[in-house]
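Residues per chain are reported as follows:
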There are 2 protein chains.
Amino acid sequence: MGVEGTEPGTVRPGGRTARVRAAVLQATGDTLTEQGFAHLDLADIARRAEVGKTTVYRRWGTVTSLVADLLVDMAEQSLPRTETGSLLGDLKANARLVQRTLAAPRQGALFKAVIAAATCEAKTAEALHRFYDIRVKEWAPCVQQAIDRGEVPEGTDPHEVIRAVSAPLYYRLLTTGESLDEAAADRAAEAAATAARAGAYLRGV
Amino acid sequence: MGVEGTEPGTVRPGGRTARVRAAVLQATGDTLTEQGFAHLDLADIARRAEVGKTTVYRRWGTVTSLVADLLVDMAEQSLPRTETGSLLGDLKANARLVQRTLAAPRQGALFKAVIAAATCEAKTAEALHRFYDIRVKEWAPCVQQAIDRGEVPEGTDPHEVIRAVSAPLYYRLLTTGESLDEAAADRAAEAAATAARAGAYLRGV
DNA sequence: CAATTAACGGAACTGGAGTACCGTTATGGG
DNA sequence: CCCATAACGGTACTCCAGTTCCGTTAATTG
């Protein structure tokens, strides 16, 4: 008598199961970048991944659920931040990283697609939130260092500053047709640094 | 001999045709807010709008195309901006307006859905870009007035400042689970005003 | 106020997404 | 190394989104 609440793939996650997951997530990423979120269907994913259609439906069930798992996978691949010694330098490094990612045709399309998927289901949204939470936490220390140096007022929320760097880049990506160049990245970093120094991101005021 | 290139609904746009469009766009908005972009299909829209399924497929054809038309409709309903006499006051009014819109359950879900749809097709994306372009242009004059008063340096891009107010609100809506409160709106306006005064949005540097 | 025909809408059809069933493979524990 | 069974995958089926066809309604023109 097996317990009902066990999800497929959790009891024997090694070997074949892991290979299937890798192939399916790979195919999902490819399809999302090529065709976008709207034309995504599980039967097509199964064909691309050269995996049984039944397997995909059993393990993931829906398109949004599949993207949620892709986001878990993406969250695990974290790239370390660079340190320059100044707040503006660190924020610019962050802004350039985000800008390069979003401007790259493949990566940019993928990010747009996972954001779209996240608007459709709570579970997927949660996975996306966790993804960004990890990225923000990775970079927050550079703001804390600036606070310690006295460059930024005590009580500033580091997370909020990091988010302020990315926000205009994402906003531009989604709501305008203009390209994301390095100038946009630098402007985002400078604006965030200036506002942070002026105490615009004081926590809980 | 009719010219091939005429889209249905353009030759006799009055009466019944207009009623059908209104009913379909209404149903589209309702469905987007209730079920999100993923579960949208034209047959369901036709049922809700109490309109022939054939009509919907003939006039719009695809889900993304339908959302593009919805965005054209949304762009036409413009609300006038308020004027307070100071840059910070105007930006706060704008931020509060955006925040209230996105925080409202119905409107917030709708905006998420149209953004998702816009990531899936060029035509829909263009309609979204035009929508935001109109909104930004509506509010840009308040920045120009601040430039004229000498509050903000000459050469500042007014559009960029207005976008800087909305950006963190949208970023928060899409990438975090946190609620959009008035404090977030005020913070966004203050950060943008501070950065603008410091010359962070100088054009073409 | 006809006449023309754009646009709508019902009915019947089709292809493929999603489901059910069951045999096969190979993982992980003993 | 072997057994129990988790997980995969082929086949056959269902159901409905999307299409085709054609008759009906009503928006425009003179």
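For the structure, see preceding data.
Here's what I pulled together on the structure shown here. (Residues numbered from 1 in each chain as written. Chains lettered and ligands numbered in written order. Predicted model: local features only at pLDDT ≥ 70, side-chain atom pairs only at ≥ 80, totals over all residues. Heavy atoms only, no water.)

Observations regarding the packing of helix α6 (residues 105–118) of chain A against helix α7 (residues 122–149) of chain A
Residue and element names in this part refer to chain A.
At step 1: Where α6 meets α7, the closest approach of the two axes is 7 Å, and the angle between their N-to-C directions is 130°. Viewed along their axes, α6 and α7 adopt a mutual orientation that is oblique. Contact residues: α6 offers Phe111, Val114, Ile115, Ala117 and Ala118, while α7 offers Thr124, Ala125, Leu128, Phe131 and Tyr132. (Axes fitted to C-alpha atoms, helices over the stretch in contact; angles between N-to-C directions. Helix = DSSP H or I, 4+ residues; strand = E, 2+ residues; numbered from the N terminus. Parallel < 35°, antiparallel > 145°, perpendicular 65-115°, else oblique. Contact = heavy atoms within 4.5 Å.)

Things to note about the protein's contact with DNA strand D
At step 1: As a structural note, the neighbourhood of DNA strand D is formed by 26 residues, with Val11, Arg12, Thr54 and Arg58 of chain A together with Tyr57 of chain B the closest of them.
At step 2: The sugar-phosphate share of atoms of DNA strand D within 4 Å of the protein amounts to 57%.
At step 3: Contact between DNA strand D and Gly9 of chain A: a phosphate oxygen at 3.1 Å from a main-chain N or O atom of the residue.
At step 4: Arg16 of chain B places a side-chain nitrogen or oxygen 2.9 Å from a base oxygen of DNA strand D.
At step 5: Listing elements by their share of the surface near DNA strand D, those giving two or more residues are α1 (15–35) and α3 (53–59) of chain A together with α1 (16–35), α2 (42–49) and α3 (53–59) of chain B.
At step 6: A total of four residues in the surface near DNA strand D trace back to one element, the largest contributor, which is α3 of chain A.
At step 7: Partitioning the surface near DNA strand D into residue classes produces eight nonpolar, eight polar and ten charged. (Near = heavy atom within 4 Å. Polar contact = N/O pair within 3.5 Å; in protein donor to acceptor, adjacent residues only side chain to side chain. Nonpolar A, V, L, I, M, F, W, Y, C, P; charged D, E, K, R; others polar.)

A look at the interface of chain A and chain B
Interfaces are often sized by the accessible area lost when the parts come together.
At step 1: Listed by partner, the interface residues are 31 residues for chain A and 30 residues for chain B.
At step 2: Buried area between chain A and chain B, summed over both chains or domains, comes out near 3,000 Å², and the portion from carbon and sulfur atoms is 69%.
At step 3: Across the contact surface, chain A and chain B share four salt bridges.
At step 4: Notably, a salt bridge pairs Arg187 of chain B with Glu160 of chain A, separated by 3.2 Å at the nearest N-O pair.
At step 5: Across the chain A-chain B interface, the total number found is eight residue pairs in polar contact (both at pLDDT 80 or more).
At step 6: Only α6, α7, α8 (158–175) and α9 (182–197) of chain A provide two or more residues apiece to the side of chain A that touches chain B. (Buried area = accessible area lost by both parts, 1.4 Å probe. Salt bridge = Lys/Arg side-chain N within 4 Å of Asp/Glu carboxyl O.)

Remarks on the environment of Phe111 of chain B
Residues and elements named next belong to chain B.
At step 1: Relative to the helices and strands, Phe111 is located in helix α6 (residues 105–118).
At step 2: Judged by its relative accessible area of 7%, Phe111 falls in the buried class.
At step 3: Not counting chain neighbours up to four residues away, the residues in contact with Phe111 comprise Met74, Thr101, Leu102, Phe131, Tyr132 and Tyr170. (Buried < 20%, exposed > 50% of the residue type's maximum accessible area, 1.4 Å probe, protein only.)

Here's the deal with the protein's contact with DNA strand C
At step 1: Around DNA strand C, a shell composed of 26 residues is seen, among which Arg12, Gly14 and Tyr57 of chain A together with Val11 and Arg12 of chain B lie nearest.
At step 2: Here, DNA strand C places atoms within 4 Å of the protein, and 61% of those atoms are sugar or phosphate.
At step 3: In this structure, Gly9 of chain B approaches DNA strand C through a main-chain N or O atom, which is 3.1 Å from a phosphate oxygen.
At step 4: Thr17 of chain B has a polar side-chain atom sitting 3.3 Å from a sugar or linking oxygen of DNA strand C.
At step 5: Those elements that provide at least two residues to the surface near DNA strand C are α1, α2 (42–49) and α3 of chain A together with α1 and α3 of chain B.
At step 6: Tallying contributions element by element places α3 of chain B first for the surface near DNA strand C, with four residues.

Things to note about the packing of aromatic side chains
At step 1: Per the stated rule, a full pass over the model turns up eleven aromatic pairs over all chains.
At step 2: Ring centres 6.1 Å apart and planes at 75° place the aromatic pair Tyr171 of chain A and Tyr132 of chain B in the edge-to-face group. Placement of the pair is Tyr171 of chain A in helix α8 and Tyr132 of chain B in helix α7 (residues 122–149), with the two residues belonging to separate chains.
At step 3: Judged by relative accessible area, which is 6%, Tyr171 of chain A ranks as buried.
At step 4: With a centroid separation of 5.1 Å and 85° between ring planes, the pair formed by Phe131 of chain B and Tyr132 of chain B is classed as edge-to-face. Like Phe131 of chain B, the residue Tyr132 of chain B is buried in the burial classification.
At step 5: What links up through ring pairs into an aromatic cluster is the set Phe111, Phe131, Tyr132 and Tyr170 of chain A together with Tyr171 of chain B. (Phe/Tyr/Trp six-rings, centres within 6.5 Å; stacked < 30°, edge-to-face > 60°.)

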